[in-house]
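Per-entry structural report
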Amino acid sequence: MPLRALVTEGTRADCAQANELIAGFDAQHLIADKGYDSNAIIEKATVQGMQAVIPPRKNRKKQRSYDKHLYRHRHLVENAFLALKQ
């Protein structure tokens with residue numbers, strides 16, 4: 001279940017709000033989709049003690065590894081947003 005939501009205009013990229021979304025959270029993992037694959041977001045998560053579980057974009061020069069098994073649980077968040085939209 002999402003713990004924090006920020007509402008922005010439709011043309012703003014989701015990843016632009018990532019720092020505000022994760023600020024102050026004490027968590028083991030940050031699970032997000034490829035849209036959040038940026039060095040800044042991964043570094044922020046690491047500084048806060050989180051392991052970033054974000055698949056790397058195809059155009060990354062150095063591909064990072066991520067926990068594929070844990071990433072599969074991201075659908076629970078997607079289902080929560082689907083319920084909120086309905």
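Our structure's up above, just so we're on the same page.
Residues numbered from 1 in each chain as written. Predicted model: local features only at pLDDT ≥ 70, side-chain atom pairs only at ≥ 80, totals over all residues. Heavy atoms only, no water.

A short note on helix H2 (residues 39–47)
To keep it simple, the criterion reads: Each residue's exposure class comes from its accessible area (1.4 Å probe, protein chains only) as a fraction of the maximum for that residue type: buried when under 20%, exposed when over 50%, partly exposed otherwise. What counts as a helix is a DSSP run of H or I of at least four residues, what counts as a strand is a run of E of at least two, and both are numbered from the N terminus. The arc in question is traced by the directions running from the helix axis to the C-beta atoms. Any pair of residues with heavy atoms lying within 4.5 Å of one another is described as a contacting pair.
Buried within H2 we find Ile41, Ile42 and Ala45. Down the axis of H2, the buried side of the element spans an arc of 95°, and every buried residue falls inside it. Relative to its buried face, H2 has exposed residues pointing more than 90 degrees away, namely Asn39, Glu43 and Val47. Elements that come into contact with the buried residues of H2 comprise helix H1 (18–22), strand S1 (29–31) and strand S2 (51–53). Positioned one or two residues after H2, Gly49 has a phi angle of 85°, which is positive.

Some details on the packing of aromatic side chains
To keep things clear, this is the line we draw: Stacked, tilted and edge-to-face are the three classes assigned to paired rings of Phe, Tyr and Trp, where Trp is represented by its six-membered ring and a pair needs centres within 6.5 Å; plane angles under 30 degrees give stacked, over 60 edge-to-face, the rest tilted.
As enumerated under the stated definition, the model contains one aromatic pair in all. With centroids separated by 5.8 Å and ring planes inclined at 85°, the aromatic side chains of Tyr66 and Tyr71 adopt a geometry described as edge-to-face. Taking relative accessible area as the criterion, Tyr66 reaches 25% and is therefore assigned partly exposed.

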